[in-house]
Amino acid sequence: QVQLVESGGGLVQPGGSLRLSCVASGIIFSRNAMSWYRQAPGKERELVAVISTGGGTNYANSVKGRFTISRDNTKNTVYLQMNSLKPEDTATYYCKVVVGSFTDYWGQGTQVTVSS
């Protein structure tokens, strides 16, 4: 019943921007912290950004100053605004929520490719 659906990925040139969206259903959205992860081929999945129920944010050092996570509780949606994109940002980006303090739910991912 819990479902996360990401969108907004695509191909962009270095220095460009993308805005990812994740729409959640089956949860009381405003009561859950939301996060974005990414995984490149052959690499571990890594945390990119997290936003708390109160709107506090944290970012990986590699994206700090370039990415912004935000949420709209009226739309059950979390966003990731990505600016000044670099080739090393190329990865599949996943939305994640922790439900019931121990159960992780993941979206299917959206591909971001940064290339000239």
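This report concerns the structure included in the present document. Everything numeric in this text was worked out from a predicted model, so none of it was measured. (Residues numbered from 1 in each chain as written. Predicted model: local features only at pLDDT ≥ 70, side-chain atom pairs only at ≥ 80, totals over all residues. Heavy atoms only, no water.)

### Some remarks on the packing of aromatic side chains
- Counted by the stated rule, this structure contains two aromatic pairs.
- On the numbers, 5.0 Å between centres and 70° between planes, the contact of tyrosine 37 with tryptophan 106 is edge-to-face. Of this pair, tyrosine 37 sits in strand 4 (residues 34-39) while tryptophan 106 sits in strand 10 (residues 103-106), and the two are 69 residues apart along the sequence.
- For tyrosine 37, a relative accessible area of 15% translates into the label buried.
- Classification of tryptophan 106 as partly exposed rests on a relative accessible area of 33%.
- When the ring of tyrosine 94 is compared with that of tryptophan 106, the centres are 6.4 Å apart and the planes differ by 90°; the resulting orientation is edge-to-face. On the criterion of sequence distance, the pair formed by tyrosine 94 in strand 9 (residues 91-99) and tryptophan 106 in strand 10 is long-range, its members being 12 residues apart.
- Connected via pairs of aromatic rings, a cluster forms that spans Tyr37, Tyr94 and Trp106.
- Cation over ring: arginine 19 sits above tyrosine 79, and NZ or CZ is 4.0 Å from the ring centre. (Phe/Tyr/Trp six-rings, centres within 6.5 Å; stacked < 30°, edge-to-face > 60°. Helix = DSSP H or I, 4+ residues; strand = E, 2+ residues; numbered from the N terminus. Buried < 20%, exposed > 50% of the residue type's maximum accessible area, 1.4 Å probe, protein only. Lys NZ or Arg CZ within 6 Å of the ring centre and 35° of its normal.)

### Considering the sheet that holds strand 7 (residues 67-72)
- Within the open sheet, the four strands sit side by side as 1-3-8-7. Their pairing is antiparallel. One side of each edge strand has no neighbouring strand; the edge strands of this open sheet are strand 1 (3-7) and strand 7. When the angles between neighbouring strand axes are averaged without regard to direction, this sheet yields 15°.
- Here six bridges tie strand 7 to strand 8 (residues 77-82), and the two strands are oriented antiparallel to one another. Within the sheet, the bridge partner assigned to serine 70 lies in strand 8 and is tyrosine 79. (Pairing = 2+ DSSP bridges. Axes fitted to C-alpha atoms, helices over the stretch in contact; angles between N-to-C directions.)

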